Amino acid sequence: GENVEQHPSTLSVQEGDSAVIKCTYSDSASNYFPWYKQELGKRPQLIIDIRSNVGEKKDQRIAVTLNKTAKHFSLHITETQPEDSAVYFCAARPSGGYQKVTFGTGTKLQVIP
Amino acid sequence: GAVVSQHPSRVICKSGTSVKIECRSLDFQATTMFWYRQFPKQSLMLMATSNEGSKATYEQGVEKDKFLINHASLTLSTLTVTSAHPEDSSFYICSASRLADDNEQFFGPGTRLTVL
């Protein structure tokens, strides 16, 4: 089955700086890679996703890159704000039907004002 | 659109009792629902995949007889934790998929289970 590794497990940045979270996956059949933000005690919220037919996607301060050959993808948050503080999870899912999503181990991001 | 609810949000029960958690898709039909378990400071671990009208598919290591899943309609799936023990205390989250969104998962708000 799929195995998703995520680094770092914790990340502290100053407000206004950038944050980068990296993930690798093992199953070459995976072709959908969502990123979730989870605040304490709340549900995961999809913040951005990328499919294997593109290498990069951007939405305002958030961008995701995908290197399918190397099987890794990254989340980039620019101009970080205190409200970006949360746990971020990467995930991977193969194509076809209602396939299950495999989550990474999570990164706790702390943005210091 | 694409709202998923869970009930209850919190439950405290005595060891040995059974607890039922409901997951509902409020404004769409969900052919498939997923049940996750999340321990503090850990990731979401998939427990089972629930398809309407058929038996759930459980992940390796998840006891079918302990975690009973029923997906009786296109908008409702239930997870029953039978004979709960303190080690079953966790945050249980469901998600629902709909074909129109290319199988994107929409998560419920979660249920905090505490077994005394």
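This write-up is about the structure you can find in this document. In every chain, residue numbers begin from 1 and rise along the written sequence. Lettering of chains starts at A and numbering of ligands starts at 1, both following the order in which they are written. Whole-chain, interface and lining totals are the exception, using all residues; otherwise, since this is a predicted model, local features are given only for residues with pLDDT of at least 70 and side-chain atom pairs are given and counted only at 80 or more. By convention in this description, side-chain values take in all heavy atoms of the structure and omit both hydrogens and water.

### Brief notes about the environment of A:Gln45
Residue and element names in this part refer to chain A.
Now for step 1: By definition, any uninterrupted DSSP run of H or I lasting at least four residues is a helix, any uninterrupted run of E lasting at least two residues is a strand, and each is numbered from the N terminus. Examined against the element boundaries, Gln45 turns out to sit in strand E5 (residues 45-51).
Now for step 2: When the C-alpha atoms of Gln45 and Gln6 are compared, they prove to be 18 Å apart, with 39 residues separating the residues in sequence.
Now for step 3: Should any heavy atoms of two residues lie within 4.5 Å, those residues are counted as being in contact. Non-local contacts of Gln45, meaning those with residues more than four positions away in its chain, are made with Trp35, Tyr36 and Lys37.

### Overview of the state of the cysteines
Now for step 1: When the sulfur atoms of two cysteines come within 2.5 Å, that pair is taken as a disulfide. Within this structure, the stated rule accounts for 2 disulfides over all chains.
Now for step 2: One disulfide bridge connects A:Cys23 with A:Cys90, the sulfur atoms lying 2.0 Å from each other. Taking the sign of the torsion about the S-S bond as the criterion, the disulfide between A:Cys23 and A:Cys90, at about -100°, is left-handed. One end of the pair, A:Cys23, is in strand E3 (residues 19-25); the other, A:Cys90, is in strand E9 (residues 86-94), and 67 residues separate them in sequence. For the pair formed by A:Cys23 and A:Cys90, the shared burial category is buried.
Now for step 3: The partner cysteine of B:Cys23 in its disulfide is B:Cys94, sulfur to sulfur 2.0 Å. Linking B:Cys23 and B:Cys94, the disulfide has an S-S dihedral of approximately 80° and is accordingly described as right-handed. On the criterion of sequence distance, the pair formed by B:Cys23 in strand E3 (residues 19-25) and B:Cys94 in strand E9 (residues 90-97) is long-range, its members being 71 residues apart.
Now for step 4: Classification of B:Cys23 by relative accessible area gives buried; the value is 0%. Accessibility here uses a 1.4 Å probe with only protein chains present; expressed as a share of the type maximum, an area under 20% marks a residue as buried, one over 50% as exposed, and anything in between as partly exposed.

### Details of the pattern of salt bridges
Now for step 1: The working definition used for a salt bridge is a side-chain nitrogen of Lys or Arg within 4 Å of a carboxyl oxygen of Asp or Glu. Enumeration according to the criterion identifies 6 salt bridges over all chains in this entry.
Now for step 2: A:Lys100 is the salt-bridge partner of B:Glu59, the closest N and O atoms lying 2.7 Å from each other. Of the two residues, B:Glu59 sits in the loop between strand E6 (57-58) and strand E7 (67-73) while A:Lys100 sits in the loop between E9 and strand E10 (102-103), which places them in two different chains.
Now for step 3: By relative accessible area, A:Lys100 is classed as partly exposed at 35%.
Now for step 4: The shortest N-O distance in the salt bridge between B:Asp88 and B:Lys66 comes to 2.9 Å. Residue B:Asp88 is located in the loop between strand E8 (76-81) and E9, and its partner B:Lys66 is located in the loop between E6 and E7; the two are separated by 22 residues in the primary sequence. Across this residue pair, the class does not change: B:Asp88 and B:Lys66 are buried.

### Side note on the interface of chain A and chain B
Now for step 1: With 19 residues of chain A at the contact, the number on the chain B side is 23 residues.
Now for step 2: By buried area we mean how much accessible surface two parts lose on assembly, using a 1.4 Å probe and totalling the loss over both. Roughly 1,700 Å² is buried in total at the junction of chain A and chain B, and carbon and sulfur atoms are behind 51% of that figure.
Now for step 3: Run the count over chain A and chain B and you get 1 salt bridge.
Now for step 4: Under the rule applied, a polar contact is a pair of N or O atoms within 3.5 Å (in protein, one hydrogen donor and one hydrogen acceptor; residues adjacent in sequence only if both atoms are side-chain atoms). Where chain A packs against chain B, one counts 5 residue pairs in polar contact (both at pLDDT 80 or more).
Now for step 5: Elements that contribute at least two residues to the side of chain A that touches chain B include exactly strand E4 (30-38), E5 and E9 of chain A.
Now for step 6: With 3 residues, E4(A) is the largest single contributor of residues to the side of chain A that touches chain B.
Now for step 7: Here the residues of the side of chain A that touches chain B are counted per class, giving 8 nonpolar, 6 polar and 5 charged. For this classification, the nonpolar set comprises Ala, Val, Leu, Ile, Met, Phe, Trp, Tyr, Cys and Pro, the charged set comprises Asp, Glu, Lys and Arg, and every other residue, Gly included, is treated as polar.

### Some thoughts on the sheet that holds strand E1 (residues 4-7) of chain B
Strand pairing in a sheet takes place through backbone hydrogen bonds and is either antiparallel or parallel in direction.
All names here are of chain B.
Now for step 1: Two strands form a pair only when DSSP identifies at least two bridges running between them. Overall, antiparallel pairing links the 4 strands, which are arranged E1-E3-E8-E7 in an open sheet. Of all the strands in the sheet, just E1 and E7 have a single pairing partner and so form its edges. Neighbour to neighbour, the strand axes of the sheet diverge by 15° on average, direction disregarded. Here an angle of 0 to 180 degrees is reported between the N-to-C directions of two axes, which are lines fitted to C-alpha atoms, with helices fitted over the stretch in contact.

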